[in-house]
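Per-entry structural report
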Amino acid sequence: MADEYGTSLRGASILVLDDEPGMRNFLTKILEPRCKRVEQAGSPDEATAMLDRAHFDLVILDNIMPGKTGLEWVSEQSRLGLFADTILITAYADLETAITALRAGVSDFVLKPFRANQILNAVSRTLDRKYLRRDNTLLRHELSSDNARGQLLGTSDALAEVRAMLHKLAPLPTPVLFTGASGTGKEVAARTMHQLSDRAEKPFVAVNCAALAPDRISQELFGVVEGADQRKAGLFLLADGGTLFLDEVAQMTDALQAALLRVLEDQRVRPVGGERDIPLNLRLCFATNVDLERAVEDGRFRTDLYHRINIVNIDMPLLKDRSEDIVELASMFMTHFSTALGMPALDLDDETLLKLRRYDWPGNVRELRNLIERSVILGEFPDEFAGNGQVTGSQAVETLDYVMQRHILHVLDQCDGNRAEASRRLGVSRKTVDRKCAAWGE
């Protein structure tokens, strides 16, 4: 429900801890229509058991309860590994209680007696701060990484097969392994699947396993608990509800492979120094540009982990195998970098487009992207791609004669100049190929 309290409540999971049933029911009645999940606990022990079963974004708790105060419970849970924010309900707002609450990590107070709008404002404030911290952390991670963004562009048959598989897998929780050469768009494909899923509003977190420092990788992924007042959520927990994309999985250390296998089997993660396994609601995707079967045979990758991540495999096609998409990609990259860099776009004339189409692209889409960015910066294409064609813009891209020329000459290149084989692949006569080549001066 979207109302004056914003949208932060909509996807939140909240635990209400109070020994008084009337107060629990009152809070549940207020929150339940606005939140994804609201559960109740009548005692600290019951709340502890519920935290062992599920992760909550927020805990609202009374301070005065039989056997243990709310602050004592928060301090105890913080040492175990409590990553939910907390709102304390109390009738006593003395300075000592406030200092103790701050030390325990309580996010906000609500004084008894209170009205519905007061608790809703406190919940909204707390969740806004929580999500802002999460987004800032993930943004810093994103900025420190060379993470791919953009759309999965192209109309080739090879890409159509990939797109169809992404649509089929998007609603499912099944892990997906993306394979293919470097630069083929494995992360872009994973992001596309995330955006097609019901997790689209939750984070997509990409991690390059080869780029994380070996002595920090466990803390970065799983989080860390140091005493009652020092907790840092790892990328697994920050991505909770969304998708975690682990790239370069073949480069993982043996210790990380073992830890990841436990996460896959249990759907739980234990922060370094913590004493609680935190349940996760997470879609996991993996990527590699190496032959994992060979890595398993060579003893460099665990057999059991390989079978856990290789349930569904999407193999990204090489750019040369979807060469009909090159022109569309080049046009998109030209527009993007001209705008992003504030520099004039270069003309993609018919000769340049033909050269782009006939090039082999060993670096795939990434190489094409880098070429266009570099050319915009320098104000010209490299000699091997520069053209003097008179036709530019949409006419060069879309005119049937130019489309046909690029396609026929590309197929001819694939056949090493063998016109008989090219005509067979194209489904036309040898005379047609000869006539077209003569017209183009080939």
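Residues numbered from 1 in each chain as written. Predicted model: local features only at pLDDT ≥ 70, side-chain atom pairs only at ≥ 80, totals over all residues. Heavy atoms only, no water.

So, on to the overall build of the protein chain. Within the protein chain, the secondary structure is distributed over 19 helices and 14 strands. For the protein chain, with 442 residues in total, the buried portion stands at 48%. A total accessible area of about 21500 Å² is found for the protein chain, and carbon and sulfur atoms account for 49% of it. (Helix = DSSP H or I, 4+ residues; strand = E, 2+ residues; numbered from the N terminus. Buried < 20%, exposed > 50% of the residue type's maximum accessible area, 1.4 Å probe, protein only. Areas by Shrake-Rupley, 256 points an atom, 1.4 Å probe, with all protein chains shown as cover.)

Here the focus is the sheet that holds strand β2 (residues 37-41). The strand order β2-β1-β3-β4-β5 describes an open sheet built from five strands, whose pairing is parallel. Edge strands, defined here as strands with exactly one partner in the open sheet, are β2 and β5 (108-111). In this sheet, adjacent strand axes meet at a mean angle of 20° when their direction is disregarded. Pairing geometry for strand β3 (residues 58-62) and strand β4 (residues 85-90), over five bridges, is parallel. For L61, the partnering residue across the bridge sits in β4 and is L88. Where helix α2 (residues 44-53) meets the sheet, it contacts β1 (13-17) and β2, and its direction lies at approximately 140° from that of β2. (Pairing = 2+ DSSP bridges. Axes fitted to C-alpha atoms, helices over the stretch in contact; angles between N-to-C directions. Contact = heavy atoms within 4.5 Å.)

Here K112 and P113 are connected by a cis peptide whose omega angle stands at -10°. Examined against the element boundaries, P113 turns out to sit in the loop between β5 and α5 (116-143). For E248, which is not glycine, the phi dihedral falls at a positive 55°. Positive phi outside glycine occurs at N364, with the angle close to 60°. Note that N364 resides in helix α15 (residues 364-378).

On to the pattern of salt bridges. This structure, assessed with the given rule, holds 16 salt bridges. Between D277 and R270 there is a salt bridge whose closest N-O contact spans 2.9 Å. R270 sits in the partly exposed class, given a relative accessible area of 42%. We note a salt bridge from R322 to D325, for which the minimum N-O separation is 2.9 Å. An identical accessibility class is assigned to R322 and D325; each is buried. In this structure, a network of salt bridges that share partners links the residues D85, K130 and R133. (Salt bridge = Lys/Arg side-chain N within 4 Å of Asp/Glu carboxyl O.)

Let us look at the packing of aromatic side chains. Scanning the entire structure with this criterion turns up six aromatic pairs. Taking 6.2 Å as the distance between ring centres and 40° as the angle between the ring planes, the aromatic pair formed by F26 and F114 counts as tilted. Taken together, the residues F26 in helix α1 (residues 21-31) and F114 in the loop between β5 and α5 connect sequence positions 88 residues apart. A relative accessible area of 33% places F26 in the partly exposed class. By relative accessible area, which is 12% here, F114 ends up buried. Ring geometry for F222 against F236: centres 5.3 Å apart, planes inclined by 35°, an arrangement best described as tilted. Taken together, the residues span a long stretch of sequence, with F222 in helix α8 (residues 217-222) and F236 in helix α9 (residues 235-238) at a distance of 14 residues. A network of ring pairs unites the aromatic residues Y359, W361 and F385 as a single cluster. Directly above the aromatic system of F56 lies the positively charged group of R37, at a separation of 4.6 Å from the ring centroid. (Phe/Tyr/Trp six-rings, centres within 6.5 Å; stacked < 30°, edge-to-face > 60°. Lys NZ or Arg CZ within 6 Å of the ring centre and 35° of its normal.)

Turning our eyes to something else, we now look at helix α10 (residues 254-266). Between its first and last C-alpha atoms α10 spans 19 Å; for 13 residues at 1.5 Å apiece the expected length is 18 Å, and the two agree. Restricting attention to buried positions, one finds in α10 the residues L256, Q257, A258, A259, L260, L261, V263 and L264. Elements in contact with the buried residues of α10: α8, α9, β10 (243-247), β11 (268-269), β13 (283-288) and α12 (303-309). A positive phi of about 55° marks Q267, the residue just after α10. (Expected span 1.5 Å × (residues − 1).)

With that out of the way, let us pick up the nonpolar core. Where a protein is soluble and globular, its nonpolar side chains tend to be buried together. Core analysis: the largest hydrophobic core is formed by 40 residues, its most contacted members being L221, F236 and L246. Mapped onto this core, the elements with two or more residues apiece are β7 (204-208), α8, α9, β10, α10, β13, α11 (292-297) and α12. When residues in this core are grouped by element, the largest group, six residues, is from α10. Among residues more than four places away in sequence, those in contact with L221 are V207, L212, G234, L235, F236, L246 and L256. The next biggest cluster of nonpolar side chains, apart from the first, holds 22 residues, and it includes I30, V38, L58 and I119. (Core = buried A, V, L, I, M, F, W, Y, C linked by side-chain atoms within 4.5 Å.)

Let's shift gears to the side chain of R24. Position of R24 relative to the elements: it lies in helix α1. For the buried R24, no salt bridge is present, and the opposite-charge side chain at shortest range is D18, 5.8 Å distant. In this structure the side chain of R24 is engaged in a polar contact, spanning 2.7 Å, whose partner is the backbone oxygen of D18. (Lys, Arg positive; Asp, Glu negative; His and termini not counted. Polar contact = N/O pair within 3.5 Å; in protein donor to acceptor, adjacent residues only side chain to side chain.)

If you walk across this open sheet you meet the five strands as β7-β10-β13-β6-β14, and the pairing is parallel. Because the sheet does not close on itself, it has two edges, and the strands there are β7 and β14 (312-315). For this sheet, the mean angle separating the axes of adjacent strands, direction not counted, is 20°. Bridge analysis of β7 against β10 gives five bridges, and the strand direction is parallel. Its bridge partner being in β10, A206 is matched across the sheet by F245. Lying over the sheet, helix α6 (residues 157-169) contacts β6 (176-179), β13 and β14, oriented at roughly 150° with respect to β14.

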